[in-house]
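The residues making up each chain are set out below.
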Amino acid sequence: MWIKKFQAPTLQEAVAKVKAELGPEAVILHTTHVKQGGLLGLFASRLIEVTAAVERHPDEERASRPAESPRSVAVPEVKGPVPQAGRPPATAPQRPAPSPPPKALGDAPAGWPAAAAEAYRQAYVTAGSDPAAALDPVLEAPVRPPQSQPTPEPVPVGRFDPRMATHLERLGGELVNVGVGEESAYNLIHRVGLRLTSDPDVSALKVRRMAAHLMAADLAPPGASVAKGRRVIALIGPTGVGKTTTLAKLAAHYVLQENKRVAMVAADTFRVAAVDQLRTYAEILGVPIEVVYEAEEIPGALARTADAEIVLVDTAGRSHRNAGHMDELRRYLGALHADEVHLVLSLTSSERDAQAMIEGYWPYGFDRFLFTKWDESSSPGLIYHLVQRYRRPFSFVTTGQSVPEDIVAANPLRIAEAILGGDAGGQL
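Residues numbered from 1 in each chain as written. Predicted model: local features only at pLDDT ≥ 70, side-chain atom pairs only at ≥ 80, totals over all residues. Heavy atoms only, no water.

Peer 1: Quick rundown of the overall build of the chain? Include the residues and the values.
Peer 2: The helix and strand tally for the chain stands at 14 helices and 11 strands. The 428 residues of the chain split such that 49% are buried. A separation threshold of at least 6 residues defines the contact pool for the chain, and within that pool the share at least 24 residues apart is 74%. In the structure as shown, the chain presents an accessible area of about 21,400 Å², 52% of it carried by carbon and sulfur atoms. (Helix = DSSP H or I, 4+ residues; strand = E, 2+ residues; numbered from the N terminus. Buried < 20%, exposed > 50% of the residue type's maximum accessible area, 1.4 Å probe, protein only. Contact = heavy atoms within 4.5 Å. Areas by Shrake-Rupley, 256 points an atom, 1.4 Å probe, with all protein chains shown as cover.)

This is the structure in structure tokens:
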């Protein structure tokens with residue numbers, strides 16, 4: 001690995017130096033303030049120092065490649081008309097408007113437990129107008145996710161009609177094989193059996209249809225309502241789950257299918273290439289994009305996108321085991337005060353890893369799941385298992401790399417039928 005330090009008056013200039021020398025694949029390891037020049041510590045200029053790394057230095061990479069003729073770079077294709085009239089300009093106005101007040105003084109992000117929300121309100125009053133600072137004393141005590149639903153008293157399948165018992169056993173095995181946890185699978189087939197136990201003509205098809213009906217009801221968000229007005233939507237989650245590509249798909253969905261005025265906020269400056277990727281999509285869709293390097297810059301970015309109906313915020317991937325990175329995410333969310341926080345999870349994760357990620361992110365107040373990589377997963381039932389266990393609805397499922405088509409809005413019955421089909425394989 002090649003590691004180098006870069007210094008500049010601002011973080012933006014330092015990141016530009018990283019990209020120019022190490023390329024878009026560089027990863028920022030650390031940032032700090034340093035002083036340069038002066039006499040005995042006086043009159044020294046203050047600089048930002050960025051430590052970045054790449055697997056191989058670009059010179060070594062170029063030397064190891066055979067000579068190639070120049071080729072064109074493929075630009076992601078967006079199907080459908082690209083909106084022009086009525087859209088915000090791609091560049092921000094010269095004079096930013098004053099920072100908007102939070103939606104309600106001291107309101108905690110949606111989905112926070114009552115104790116954490118009250119601590120947030122008290123901290124907000126103490127901190128005044130700095131919502132990022134207000135988060136510092138919050139969540140010192142661990143906030144636990146809800147316990148999984150209680151397992152009902154076992155009803156031996158032998159108590160059912162033999163045909164019913166056969167159908168239930170087969171369905172239970174299929175559910176576990178596609179990622180539905182044993183506890184969730186047992187609860188489901190238990191309820192199916194009780195619903196159909198008096199049916200004299202029970203069949204495998206009836207059992208499967210009842211299972212799809214009950215699963216869809218479990219996946220439907222409680223008290224769902226149509227959101228009105230401006231919405232700030234943040235994506236959070238671990239590295240490698242596809243947050244940046246997913247955010248581009250969401251932008252295309254809201255622009256092309258819902259005809260919304262959309263803006264992007266790129267807060268993933270940990271990966272140098274992430275901002276460039278979003279800029280490309282923003283140009284194609286004709287939507288403005290703001291880049292923020294510190295939590296303190298978020299209010300200004302939100303003010304400059306005040307005309308947008310949907311503001312989509314991309315955050316850096318963070319390991320739930322890294323306390324420093326998670327604390328930084330906490331400050332970003334505090335300054336953002338998002339209307340929706342979606343925890344992005346890959347369906348290629350194991351049940352155990354997915355649960356560890358959820359419980360690591362739980363204290364930060366996400367209010368719904370967004371699942372990626374359906375097309376790569378053999379365990380689509382993980383959606384049902386996690387929604388059941390943690391009592392959080394899901395918003396979208398992505399089914400491939402193509403923008404904008406490979407994303408599906410939450411449709412409980414469609415998802416349930418696809419899971420019961422026993423094969424992800426792009427069947428959504």
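Peer 1: An account of helix α14 (residues 412-420) is requested, with residue identities and associated values reported.
Peer 2: Turning to α14, its buried residues are Pro412, Ile415, Ala416, Ala418, Ile419 and Leu420. Elements in contact with the buried residues of α14: α5 (162-177), α7 (204-219), α13 (382-390) and β10 (394-398).

Peer 1: Run through the side chain of His385, naming residues and quoting values.
Peer 2: When you line up the elements, His385 lands in helix α13. A polar atom in the side chain of His385 sits 3.3 Å from the side chain of Gln355. Contacts of His385, omitting those with residues within four sequence positions, involve Gly179, Val180, Gly181, Ser184, Glu351 and Gln355. (Polar contact = N/O pair within 3.5 Å; in protein donor to acceptor, adjacent residues only side chain to side chain.)

Peer 1: Describe unusual backbone geometry, and please don't skip the residues or the numbers.
Peer 2: If you check the backbone angles, Lys373 has positive phi at about 65 degrees while not being a glycine. Summarising the element assignment, Lys373 is placed in the loop between β9 (368-372) and α13.

Peer 1: Any chance you could break down the environment of Met326 for me, citing the residues and the numbers?
Peer 2: Relative to the assigned elements, Met326 resides in helix α11 (residues 323-336). In this structure Met326 comes out as buried when scored by relative accessible area, which is 2%. Here the alpha-carbon distance between Met326 and Gly360, two residues 34 residues apart in the chain, equals 9.0 Å.

Peer 1: Explain the nonpolar core residue by residue, including any values.
Peer 2: Ranked by size, the top nonpolar core spans 69 residues in total, and within it Phe369 and Ile383 carry the most contacts. The element best represented in this core is α7, accounting for 8 residues. Not counting chain neighbours up to four residues away, the residues in contact with Ile383 comprise Leu219, Leu347, Phe371, Trp374, Phe394, Val397 and Ile415. Residues Val15, Ile48, Val50 and Leu370 belong to the second largest nonpolar core, which totals 42 residues. (Core = buried A, V, L, I, M, F, W, Y, C linked by side-chain atoms within 4.5 Å.)

Peer 1: So, helix α8 (residues 243-257): which residues are in play, and what are the values?
Peer 2: What sets the pattern is the α-helix's 3.6 residues per turn: residues three or four places apart point alike. Between its first and last C-alpha, α8 extends 20 Å over 15 residues, near the 21 Å set by a 1.5 Å rise per residue. Of all 15 residues in α8, 13 are buried, a share of seventy percent or more. (Expected span 1.5 Å × (residues − 1).)

Peer 1: Explain the packing of aromatic side chains residue by residue, including any values.
Peer 2: Scanning the model with the defined rule gives 5 aromatic pairs in all. With a centroid separation of 5.5 Å and an interplanar angle of 45 degrees, the aromatic rings of Phe366 and Phe369 are classed as tilted. In this structure, Phe366 and Phe369 share a single accessibility class: buried. What links up through ring pairs into an aromatic cluster is the set Trp362, Phe366, Phe369, Phe371, Tyr390 and Phe394. Here the guanidinium or amino end of Arg392 rests over the ring plane of Phe366, the centre of that ring lying 6.0 Å away. (Phe/Tyr/Trp six-rings, centres within 6.5 Å; stacked < 30°, edge-to-face > 60°. Lys NZ or Arg CZ within 6 Å of the ring centre and 35° of its normal.)

Peer 1: Pulling in residues and values, what's your account of the packing of helix α6 (residues 182-196) against α7?
Peer 2: At their nearest, the axes of α6 and α7 sit 9 Å apart, and the two run at 120 degrees to each other. Comparing the axis directions of α6 and α7 gives the class oblique. For the element pair α6 and α7, the recorded crossing hand is right-handed. Contacts between α6 and α7 involve Leu188, Arg191, Val192, Arg195 and Leu196 from the first element and Lys206, Val207, Met210, Ala211, Leu214, Met215 and Asp218 from the second. Taken together, the residues that form the contact of α6 with α7 break down as 8 nonpolar, no polar and 4 charged. (Axes fitted to C-alpha atoms, helices over the stretch in contact; angles between N-to-C directions. Parallel < 35°, antiparallel > 145°, perpendicular 65-115°, else oblique. Left-handed = near helix turned anticlockwise from the far one by under 90°. Nonpolar A, V, L, I, M, F, W, Y, C, P; charged D, E, K, R; others polar.)

Peer 1: Quick rundown of the sheet that holds strand β8 (residues 340-346)? Include the residues and the values.
Peer 2: If you walk across this open sheet you meet the 8 strands as β6-β5-β7-β4-β8-β9-β10-β11, and the pairing is mixed. Strands with a single pairing partner mark the edges of an open sheet, and in this sheet they are β6 (289-291) and β11 (407-409). Shown here is a sheet whose adjacent strand axes are inclined to one another by a mean of 20 degrees, direction ignored. Of the strand pairs in this sheet, strand β4 (residues 231-236) and strand β7 (residues 310-315) are connected by 5 bridges, and their pairing is parallel. Bridging across to β7, Arg231 finds its partner in Ile310. Helix-sheet contacts for α13 involve β8, β9 and β10, and the interaxial angle to β9 is about 165 degrees. (Pairing = 2+ DSSP bridges.)

Peer 1: Lay out the pattern of salt bridges in plain terms, naming residues and giving numbers.
Peer 2: Taken as a whole, this structure holds 12 salt bridges when the rule is applied. Here Arg304 ties to Glu290 by a salt bridge, and the two come within 3.0 Å at their closest N and O atoms. Placement of the pair is Arg304 in helix α10 (residues 298-304) and Glu290 in strand β6, with a sequence separation of 14 residues. Salt bridges sharing common partners tie together Arg231, Glu340, Asp367 and Arg368. (Salt bridge = Lys/Arg side-chain N within 4 Å of Asp/Glu carboxyl O.)

Peer 1: Break down the confidence of the model for the chain for me, with residues and values.
Peer 2: Here the chain averages 75 in pLDDT, while 68% of its residues score no lower than 70. Residue range residues 123-142 is modelled with pLDDT below 50. Its contacts to residues more than four positions away, or to other chains, number 36 contacts. Of the regions scoring below 50 in pLDDT, residues 150-156 engages in 13 contacts with residues more than four places distant in sequence or in other chains. (pLDDT = per-residue confidence, 0-100.)

Peer 1: Give me the lowdown on the environment of Ile233, citing residues and values where you can.
Peer 2: Along the chain, Ile233 turns up in strand β4. Non-local contacts of Ile233, meaning those with residues more than four positions away in its chain, are made with Tyr254, Ile310, Val311, Leu312, Val313, Glu340 and His342.

Peer 1: Tell me about the packing of α7 against α14, and please be specific about residues and values.
Peer 2: Contact geometry of α7 with α14 gives a least axis separation of 8 Å together with a crossing angle of 135 degrees. By the angle between their axes, α7 is oblique relative to α14. Our pair here, α7 against α14, has a crossing hand that is right-handed. For the pair α7 and α14, contact is made by Arg208, Ala211, Ala212, Met215, Ala216 and Leu219 and by Pro412, Leu413, Ile415, Ala416, Glu417, Ile419 and Leu420, respectively. Looking at the contact of α7 with α14 residue by residue, the class counts come to 11 nonpolar, no polar and 2 charged.

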